[in-house]
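Listed here are the chains, written in short residue letters.
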Amino acid sequence: MKVGILGGGQLGRMLLQSAANYPVETFVMENDANCPSAHLCHHFVQGNIRDFDSVYHFGKNLDALTIEIEAVNVEALEKLESEGVKVFPNSAAIKIIKNKILQKQFYSAYKIPSPEYIVTQNVSQLNEHLSFLPAVHKIGMGGYDGRGVQLLRKSEDFSKGFDAPSVLEKMVDIKKEIALMVAMNEKGETTIYPSAEMLFDPVLNLLDFQISPADLPEQTLWKAEAIALRVVKELKSAGIFAVEMFVDQNNEVWVNETAPRVHNSGHHTIEGNYCSQFDMLWRVILGYPLGNTDPILPSAIVNVLGAENFSGKAVYKGLKDVLKIDNVFVHLYGKQDTKPGRKMGHVTILSNERQELIHQAMKIKKLLTVESENANG
Ligand code: ADP
């Protein structure tokens, strides 16, 4: 089969690493000819994944397409689908998820628990909703990695809001942020991975480290699993999905958002589970049986982020020391240049002991840094 990936970042790169084990010819489209995926696919096409003609021409001679980012031209995918190209996830699912307003309306329509919300069209409308605070303002289109999200606690924060169609969502008193990966094949069969628990860096608002399985009461996990499966079944699309959820102080579970693709919260499955999220997506696309999601060992992931004050050609400090540690797996994404907070790689740690996972994660965060030859300024 000829399969195309829209987007050429690290998700595409790891998907291509898995593709090497399957009978598949791979194509990648991305603007940057030096992107992390460019040198691992069979055919690289330089092009804009948001542009109708580029996506349509890229896809028209392929058997199937998948995405590594939602910001793709959905109209082109709709046309390709109508001409028999399979798209994982399908264009209808991407359309819902791509726009936070439609995504929230989808959860309401299917009675999937997600924080209460109001749709706002511009920043001045926020003034009408003082009684809704504390809340979180989320831009409808185009936000990612925390950049389309503002916490609004009091009216003075309204100026931080988005002057574009957005969602104003009730702030949840979060105990834990978790994510569950679900795969669904074309027959509608599903499989679910053990939960992952996220810990965030409050400054960069980026994932700090993550542990799987999440430490939660069994009944909360069951609830989360049932909700994640519902989300994917109601989206009615084959593919792989990360359902991100909040567990509040009362152990209630709320869907934050869904990513219709391989996801950062599933990177540990490469070494931590029998079938990785990347392997699983190929099984779905190529029509093979779903894989085994069981964990081999509990795992943690540390994101390797560009250090503050360094920009330019990346230099990895401490790599040798990290590579000396047993049951630790380093993944560098092959990005030439670093900048503060840029996702440059991740490290997976396996251990039976949760304390050991936390200990090693903290240690690795300090040991492995990404700098450049010259510090800024
Ligand atoms: P992105 O898609 O940019 O990652 P998210 O919607 O996941 O944005 O929001 C980023 C972070 O903001 C979340 O991980 C969470 O910590 C916080 N957040 C988002 N929505 C809420 C909410 N309703 N209540 C409390 N915190 C929230």
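None of the values given here were measured: they were computed from a predicted structure.

### Considering the overall build of the protein chain
Right, on to step 1. Along the backbone of the protein chain there are 10 helices and 21 strands.
Right, on to step 2. Against the compact-globule benchmark of 21 Å for 377 residues, the protein chain has a radius of gyration of 20 Å, which places it among compact chains.
Right, on to step 3. Seen through its principal axes, the protein chain has C-alpha atoms that stretch 55 × 50 × 50 Å.
Right, on to step 4. When the 377 residues of the protein chain are sorted by exposure, 54% land in the buried category.
Right, on to step 5. Taking the contacts inside the protein chain whose residues are at least 6 apart along the sequence as the reference set, 62% of them involve residues at least 24 apart.
Right, on to step 6. Total accessible area on the protein chain stands at roughly 16,600 Å², and carbon and sulfur atoms take up 49% of it.
Right, on to step 7. Of the side chains in the protein chain, 38 bear a positive and 45 a negative charge, and the two mean positions are spaced by 1 Å.

### Section: empty space enclosed by the protein
Right, on to step 1. Overall, the coordinates contain 1 cavity of 30 Å³ or more when judged by the stated rule.
Right, on to step 2. Computed from the structure, the largest cavity encloses a volume of approximately 40 Å³.
Right, on to step 3. Lining the largest cavity are K100, Q103, K104, Y107, K138, E169 and N256.
Right, on to step 4. Counting residues per element, the lining of the largest cavity draws most heavily on helix 5 (residues 100-109), at 4 residues.
Right, on to step 5. Of the residues belonging to the lining of the largest cavity, the class tally is 1 nonpolar, 2 polar and 4 charged.

### Comments concerning the environment of E353
Right, on to step 1. Considering the arrangement of structural elements, one finds E353 in the loop between strand 20 (343-350) and helix 10 (354-367).
Right, on to step 2. Counting along the chain gives 55 residues from E353 to P298, while the straight-line C-alpha distance between them is 7.8 Å.

### Looking at the site of the ligand
Right, on to step 1. Around the ligand, the surrounding shell holds 18 residues, and the nearest of these are G146, E169, V172, E177 and E257.
Right, on to step 2. Take E177: an N or O atom from its side chain is 2.4 Å from an oxygen atom of the ligand.
Right, on to step 3. Between the ligand and E257 there is a distance of 2.7 Å, counted from an oxygen atom to a side-chain nitrogen or oxygen.
Right, on to step 4. Elements supplying a minimum of two residues to the shell around the ligand: strand 7 (135-139), strand 9 (166-170), strand 10 (174-184), strand 14 (239-248) and strand 15 (253-259).
Right, on to step 5. Partitioning the shell around the ligand into residue classes produces 8 nonpolar, 2 polar and 8 charged.

### Structural notes on the sheet that holds strand 1 (residues 2-6)
Right, on to step 1. Spatial ordering of the open sheet is given by 3-2-1-4-5, a layout of 5 strands whose pairing is parallel. The sheet terminates laterally at strand 3 (43-46) and strand 5 (86-88), the two strands that pair on one side only. Averaged over all adjacent pairs, the angle separating strand axes in this sheet is 20°, with direction ignored.
Right, on to step 2. Note: strand 2 (residues 25-30) against strand 3, 4 bridges, orientation parallel. Paired with F27 across the bridge in strand 3 is H43.

### Details of helix 2 (residues 52-59)
Every α-helical turn comprises 3.6 residues, leaving residues that sit three or four positions apart pointing alike.
Right, on to step 1. The set of residues buried in helix 2 consists of V55, Y56, F58 and G59. In a view along the axis of helix 2, the buried residues occupy a sector of 165°, so they form one face of it.
Right, on to step 2. Contact partners of the buried residues in helix 2: strand 1, strand 2, strand 3, strand 4 (64-67) and helix 3 (74-82).

### Observations regarding the side chain of S351
Right, on to step 1. Within the secondary structure, S351 sits in the loop between strand 20 and helix 10.
Right, on to step 2. By relative accessible area, which is 11% here, S351 ends up buried.
Right, on to step 3. Side-chain polar atoms of S351 contact the backbone nitrogen of E353, separated by 3.0 Å.
Right, on to step 4. Among all residues touching S351, those that are not within four sequence positions of it are L297, P298, E356 and L357.

### Here's the deal with the sheet that holds strand 17 (residues 312-317)
Right, on to step 1. Strands sit in the order 19-17-21 across an open sheet of 3 strands; the sheet is antiparallel. Two strands in the sheet have a free side with no partner beyond their single neighbour: strand 19 (337-338) and strand 21 (369-372).

### Focus on the packing of aromatic side chains
Right, on to step 1. For the structure on display, the rule yields 4 aromatic pairs.
Right, on to step 2. Geometrically, the ring pair formed by F52 and Y56 is stacked, given 6.2 Å between the ring centres and 15° between the ring planes. Of this pair, F52 and Y56 both sit in helix 2, 4 residues apart, roughly one helical turn.
Right, on to step 3. The ring of F132 carries K170 above its face, with NZ or CZ at 4.4 Å from the centroid.

### Describing the packing of helix 4 (residues 91-98) against helix 5
Right, on to step 1. At their nearest, the axes of helix 4 and helix 5 sit 5 Å apart, and the two run at 105° to each other. With respect to helix 5, the element helix 4 is oriented roughly perpendicular. Residue-level inspection shows K95, I96, I97 and K98 of helix 4 in contact with helix 5, the latter providing K100, L102, Q103 and F106.
Right, on to step 2. Taken together, the residues of the contact of helix 4 with helix 5 break down into 4 nonpolar, 1 polar and 3 charged.

### Considering the side chain of H268
Right, on to step 1. Within the fold, H268 resides in the loop between strand 15 and helix 7 (269-272).
Right, on to step 2. When neighbours within four sequence positions are excluded, H268 is seen to be in contact with A196, Q210, S212, N273, S299, I301 and T348.

### A word on the pattern of salt bridges
Right, on to step 1. Throughout the structure, instances matching the rule amount to 17 salt bridges.
Right, on to step 2. A salt bridge links E169 to K138, with the nearest nitrogen and oxygen atoms 3.1 Å apart. In this pair, E169 sits in strand 9 while K138 sits in strand 7, placing the two residues 31 residues apart along the sequence. For the pair E169 and K138, one class covers both residues: buried.
Right, on to step 3. One salt bridge connects E197 with R354, and the closest N-O pair in it is separated by 3.1 Å. On the criterion of sequence distance, the pair formed by E197 in strand 12 (residues 196-201) and R354 in helix 10 is long-range, its members being 157 residues apart.

### Comments concerning the environment of N250
Right, on to step 1. The residue N250 is located in the loop between strand 14 and strand 15 in this model.
Right, on to step 2. Given the relative accessible area of 62%, N250 is considered exposed.
Right, on to step 3. Sequence-wise, N250 and C275 are 25 residues apart; in three dimensions their C-alpha atoms are separated by 33 Å.

Rules behind the numbers
- Residues numbered from 1 in each chain as written.
- Predicted model: local features only at pLDDT ≥ 70, side-chain atom pairs only at ≥ 80, totals over all residues.
- Heavy atoms only, no water.
- Helix = DSSP H or I, 4+ residues; strand = E, 2+ residues; numbered from the N terminus.
- Rg over C-alpha atoms; globule rule 2.2 N^0.38 Å.
- Buried < 20%, exposed > 50% of the residue type's maximum accessible area, 1.4 Å probe, protein only.
- Contact = heavy atoms within 4.5 Å.
- Areas by Shrake-Rupley, 256 points an atom, 1.4 Å probe, with all protein chains shown as cover.
- Lys, Arg positive; Asp, Glu negative; His and termini not counted.
- Charge placed at Lys NZ, Arg CZ, Asp CG, Glu CD.
- 1 Å grid on protein atoms, 1.4 Å probe; cavity = no way out; pocket = protein on both sides within 12 Å on 5 of 7 lines; lining within 4 Å.
- Points joined across faces, edges and corners; volume = space filled by probe spheres on them.
- Nonpolar A, V, L, I, M, F, W, Y, C, P; charged D, E, K, R; others polar.
- Near = heavy atom within 4 Å.
- Polar contact = N/O pair within 3.5 Å; in protein donor to acceptor, adjacent residues only side chain to side chain.
- Pairing = 2+ DSSP bridges.
- Axes fitted to C-alpha atoms, helices over the stretch in contact; angles between N-to-C directions.
- Arc of directions from axis to C-beta.
- Phe/Tyr/Trp six-rings, centres within 6.5 Å; stacked < 30°, edge-to-face > 60°.
- Lys NZ or Arg CZ within 6 Å of the ring centre and 35° of its normal.
- Parallel < 35°, antiparallel > 145°, perpendicular 65-115°, else oblique.
- Salt bridge = Lys/Arg side-chain N within 4 Å of Asp/Glu carboxyl O.

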